[in-house]
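Okay, here's what each chain looks like letter by letter:
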Amino acid sequence: MTQTLSLEGKVAVITGGARNIGKRVAAEMISRGAKVVIGDLLDAEGEATINEFNVSAGSKVAAYIHTDVTKYSDNKALFALAQEEFGGVDIAFLNAGIGTNANAMFLPLDDKVDNRMCDINTTAVVKGSKVAMLYMAKRGGGVIVNTASVAGFLCSPAVGIYAASKHGVIGWTRSNAIFEHVCGVRMNAVCPYWVETELAGDLGNGGDQDPFAKFVADSSRTKVETVVEAVLTLVEDKSRNAQTLLALPGDVIRPQEPIATYPEIADAKYQAMVPKYAQEAIVFYKKKLADALEREGI
Ligand SMILES: NC(=O)c1ccc[n+]([C@@H]2O[C@H](COP(=O)([O-])OP(=O)(O)OC[C@H]3O[C@@H](n4cnc5c(N)ncnc54)[C@H](O)[C@@H]3O)[C@@H](O)[C@H]2O)c1
């Protein structure tokens, strides 16, 4: 029987939650009994969003703090606010992302432009996960959902660096299955196809002559409701860990399975080593976690 996490009384941190996908997930979590703390760069929209949630609930169910997810200081302040306002963190939806300058190959050779895509879409997810892991370990467990994309599996030159950044989110998410056994924290990723938002309009963007613009305009769309349902599934279904869940047109939600290994690697010696390593790694990470909690004062 599937074990379900009830959202009643849970606390969720959501990055990039001022509008669109993040906001819709926040609204659904609140409707299922959770409190949410939103971090975003868009302060006016973020404040308006939580005001809307609090007025409609008739009590304080949401808080907002200006957050640049690329900075550890901001990530720490975001999770600290959730603890201060609502007593701790059970859920993190690391959803902030950009599509600007995704059509990168012949753009100027500018460090800032290319670093920014990977700093926000990939490295910030690593940073947010690390902070979330400590808060949730302290709480006795939790669940992190990262926003990847179908571009974490499928590629096009028009979104090359965006695809690279989202492949990174897939790799990070799948690497962290072990932490459920270390401290009860699951980590999953949602992988939507095109959703009608500002970000989708910005992706590619190689100018008027870019054939990708017509390609995208003529492509099907994933409904935002499908993305919301996929995220909630990854949160609530306790059997989902290190899972990459596609949110596709036609209301389709299904996992994208990873490659387990390769026969050239997984010989008999390797197969004997894997379970032994898994046991040793859990012990190793429990010790590392205790050190990290003490070092960070969380
Ligand atoms: N729209 C699509 O077609 C689509 C498809 C697949 C995946 N995604 C992913 O979904 C997520 C949400 O995107 P969306 O479509 O709702 O677009 P969106 O632009 O409305 O949402 C992204 C949010 O992230 C915030 N953000 C950007 N940089 C930030 C930073 N440094 N610190 C904090 N917040 C920051 C933005 O202000 C915005 O509120 C993104 O990660 C995106 O890559 C979108």
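Keep in mind that what you see is a predicted model, and the values were worked out from it rather than measured.

A. Inspection of the overall build of the chain at higher detail. Within the chain one finds 10 helices and 8 strands. Expected size for 298 residues packed as a compact globule is a radius of gyration near 19 Å; at 19 Å, the chain falls within 12% of this value. Looking at the chain as a whole, 48% of its 298 residues are labelled buried. Sequence separation of 24 or more characterises 73% of the internal contacts of the chain that already satisfy a separation of 6 or more. Side chains of the chain give 30 positive and 35 negative charges; the mean places of these two sets differ by 6 Å.

B. Expanded view of the site of the ligand. Taken together, 28 residues form the shell around the ligand, and within it N20, D40, Y162, V195 and T197 come nearest. The separation between an oxygen atom of the ligand and a polar side-chain atom of D40 is 2.6 Å. Contacts to the ligand include V195, whose backbone N or O atom sits 2.7 Å from an oxygen atom. Relative to its unbound accessible area of 810 Å², the ligand is 97% covered by the protein chains. Spatially, the ligand is embedded in the largest pocket. Of all the elements in the fold, those that place two or more residues in the shell around the ligand are α1 (20-31), α4 (111-139), α5 (160-174) and α7 (198-202). By residue class, the composition of the shell around the ligand is 15 nonpolar, 8 polar and 5 charged.

C. Examining the packing of aromatic side chains more closely. Throughout the structure, instances matching the rule amount to 6 aromatic pairs. On the numbers, 6.4 Å between centres and 70 degrees between planes, the contact of Y193 with W194 is edge-to-face.

D. Representation of the pairing of strand β5 (residues 142-147) in the model. In terms of burial, β5 is largely enclosed, as 6 of its 6 residues are buried. Of the two faces of β5, the one carrying G142, I144 and N146 and the one carrying V143, V145 and T147 are both buried. Pairing of strand β4 (residues 91-94) with β5 involves 4 bridges; the strand directions are parallel. Bridge pairing links L94 to N146 in β5.

E. Representation of helix α3 (residues 72-86) within the structure. The terminal C-alpha atoms of α3, which comprises 15 residues, lie 21 Å apart, in line with the 21 Å expected from a rise of 1.5 Å per residue. Listing the buried residues of α3 in full gives D74, N75, L78, F79, L81, A82 and F86. Looking straight down α3, one finds that the buried residues subtend no more than 145 degrees of arc, so they occupy a single side.

F. Structural detail: the layout of surface pockets. Here the largest pocket defines a volume of roughly 930 Å³. Taken together, 43 residues make up the lining of the largest pocket; nearest its centre are G97, I98, G99, Y162 and L199. Of all the elements in the fold, those that place two or more residues in the lining of the largest pocket are α1, β2 (35-40), α4, α5, α7 and α8 (211-217). Per-class residue counts for the lining of the largest pocket are 23 nonpolar, 13 polar and 7 charged.

Procedures and definitions
Residues numbered from 1 in each chain as written. Predicted model: local features only at pLDDT ≥ 70, side-chain atom pairs only at ≥ 80, totals over all residues. Heavy atoms only, no water. Helix = DSSP H or I, 4+ residues; strand = E, 2+ residues; numbered from the N terminus. Rg over C-alpha atoms; globule rule 2.2 N^0.38 Å. Buried < 20%, exposed > 50% of the residue type's maximum accessible area, 1.4 Å probe, protein only. Contact = heavy atoms within 4.5 Å. Lys, Arg positive; Asp, Glu negative; His and termini not counted. Charge placed at Lys NZ, Arg CZ, Asp CG, Glu CD. Near = heavy atom within 4 Å. Polar contact = N/O pair within 3.5 Å; in protein donor to acceptor, adjacent residues only side chain to side chain. Areas by Shrake-Rupley, 256 points an atom, 1.4 Å probe, with all protein chains shown as cover. 1 Å grid on protein atoms, 1.4 Å probe; cavity = no way out; pocket = protein on both sides within 12 Å on 5 of 7 lines; lining within 4 Å. Sits in = over half its atoms within 2 Å of the grid points. Nonpolar A, V, L, I, M, F, W, Y, C, P; charged D, E, K, R; others polar. Phe/Tyr/Trp six-rings, centres within 6.5 Å; stacked < 30°, edge-to-face > 60°. Pairing = 2+ DSSP bridges. Expected span 1.5 Å × (residues − 1). Arc of directions from axis to C-beta. Points joined across faces, edges and corners; volume = space filled by probe spheres on them.

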